[in-house]
Amino acid sequence: MKIATWNVNSLRARADRVEAWLEANDVDVLAIQETKCKDENFPWELFERLDYEVAHFGFSQWNGVAIASRVGLDDVQRTFAGQPAFGKGGKDPVQEARAIGATCGGVRVWSLYVPNGRGLQDEHMPYKLEWLDVLRQDVEGWLAQDPEAQFALTGDWNIAPRDEDVWDMQYFLENNLTHVSAPERQAFQDFLDAGLTDPMRQRHPGPGPGVYTYWDYTQLRFPKKEGMRIDFQLLSPALASRVVDANVDREERKGKGASDHAPVVVELS
DNA sequence: ATGGTCGCGAGGCGA
């Protein structure tokens, strides 16, 4: 069984790429982030053509997550238990379209688009950290209830857990950038401490451009190999024991019309 | 290469 996760940065703009990628890559489950559309604009036919079932959670041009599967798609859940809402400037807080879960081939798969903290002092930063804290508490509950549970938290985590996961740590420090701060990294580490495994880290420890999953569109970041490792599949212990391979498909970042993220693919026995 | 990003949606915001 093969599970992939991919922040496509608009599914409509990337429809041809996504279809071609699915046809070429033989994945059983694809978790998608940043569909950037509502249900009424979702390209349902794309997945029908390829015989994937698909579930989507998106209600505006922002965010949006989906799971496509050809090994079943059961018990679809939009938002995780207790998922924090966000509302600034006195607006009604809303649970954003950043999490969808489904059971596919016996594995509980989550497609997650972790909030971008935007700035170290921005109000989105505490939102991001709380969002991750509640999710991790949910995970601890799942494992307490069933230590053998098979689940995968996949998606765009918007965190580079180690210095080597960005091309130049000095650049981030000098510019007071997010994704590398101590609280963000601790929030990520808390998932590992809860028992989850990052199979990419195990098989491709890095450092180096081969492990990056994201390259900014600006500044010629991709040709200059200036990327970040911010997309992950974190696996429960029972699922981690089934890992056969894990890779980033950086070829998919090449050429005109690419997303700024590359797919992360994990193969299981 | 004296420029240098996308997408959404129709101006400016978000990443």
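Residues numbered from 1 in each chain as written. Chains lettered and ligands numbered in written order. Predicted model: local features only at pLDDT ≥ 70, side-chain atom pairs only at ≥ 80, totals over all residues. Heavy atoms only, no water.

An unreviewed UniProt entry annotates chain A as Exodeoxyribonuclease III originating from Galactobacter caseinivorans.

Take the overall build of chain A next. Scanning chain A from N- to C-terminus turns up 7 helices and 11 strands. In summary, chain A has a C-alpha radius of gyration of 17 Å against a globular reference of 18 Å for 269 residues, a match within 12%. With respect to the three principal axes, the spread of C-alpha positions in chain A is 50 × 45 × 40 Å. A total of 269 residues make up chain A; the buried ones form 57% of that total. Of the contacts made within chain A by residues no fewer than 6 positions apart, 70% connect residues no fewer than 24 positions apart. As displayed, chain A has an accessible area near 11,500 Å², and 46% of this comes from carbon and sulfur atoms. Between the averaged position of the 29 positive side-chain charges in chain A and that of its 43 negative side-chain charges there is a distance of 6 Å. (Helix = DSSP H or I, 4+ residues; strand = E, 2+ residues; numbered from the N terminus. Rg over C-alpha atoms; globule rule 2.2 N^0.38 Å. Buried < 20%, exposed > 50% of the residue type's maximum accessible area, 1.4 Å probe, protein only. Contact = heavy atoms within 4.5 Å. Areas by Shrake-Rupley, 256 points an atom, 1.4 Å probe, with all protein chains shown as cover. Lys, Arg positive; Asp, Glu negative; His and termini not counted. Charge placed at Lys NZ, Arg CZ, Asp CG, Glu CD.)

With that settled, the discussion passes to the UniProt feature "site: Important for catalytic activity" (unreviewed entry) in chain A. According to UniProt, the "site: Important for catalytic activity" (unreviewed entry) feature falls on Asp231. Summarising the element assignment, Asp231 is placed in strand β9 (residues 231–235). When neighbours within four sequence positions are excluded, Asp231 is seen to be in contact with Asn7, Gly155, Asp156, Thr213, Tyr214, His261 and Val264. Within the structure, Asp231 has its side chain in polar contact with the side chain of Thr213 (distance 2.6 Å). (UniProt positions renumbered as here; feature names shortened; annotations may be inferred. Polar contact = N/O pair within 3.5 Å; in protein donor to acceptor, adjacent residues only side chain to side chain.)

This part is about the protein's contact with DNA strand B. Contacts to DNA strand B come from 15 residues, most closely from Ser10, Arg14, Gln61, Arg118 and Tyr217. One nitrogen or oxygen atom from the side chain of Ser10 is found 2.3 Å from a phosphate oxygen belonging to DNA strand B. For the surface near DNA strand B, the class distribution of residues is 4 nonpolar, 5 polar and 6 charged. (Near = heavy atom within 4 Å. Nonpolar A, V, L, I, M, F, W, Y, C, P; charged D, E, K, R; others polar.)

The next thing to look at is the UniProt feature "binding site: Mg(2+)" (unreviewed entry) in chain A. UniProt's entry tags Asn7, Glu34, Asp156, Asn158, Asp260 and His261 with the feature "binding site: Mg(2+)" (unreviewed entry), counted in the numbering of this structure. The named residues occupy 255 residues along the chain; their greatest pairwise C-alpha distance, 12.9 Å, places them in one compact cluster. With respect to the helices and strands, Asp260 occurs in the loop between β10 (243–248) and β11 (264–268). Not counting the four nearest positions on each side in its chain, Asp260 is found in contact with Asn9, Thr213, Tyr214, Trp215, Tyr217 and Arg253. The residue His261 is located in the loop between β10 and β11 in this model. Ignoring sequence-local partners within four residues, the contact set of His261 consists of Trp6, Asn7, Asp156, Thr213, Tyr214, Ile230, Asp231 and Arg253.

A few words on the nonpolar core. Nonpolar side chains in soluble globular proteins generally cluster together in the buried interior. Counting 29 residues, the largest nonpolar core has Ile67, Cys104, Val109 and Leu235 as its most contacted members. Mapped by element, the contributors of at least two residues to this core are β3 (53–57), β4 (65–69), β6 (99–104), β7 (107–113), α7 (237–240), β10 and β11. Setting aside anything within four residues of it in sequence, one finds Cys104 in contact with Met1, Val29, Ile67, Ser69, Val71, Gly72, Leu73 and Val109. Counting 24 residues, the second-largest nonpolar core is a separate cluster that includes Phe86, Val139, Leu143 and Phe188. (Core = buried A, V, L, I, M, F, W, Y, C linked by side-chain atoms within 4.5 Å.)

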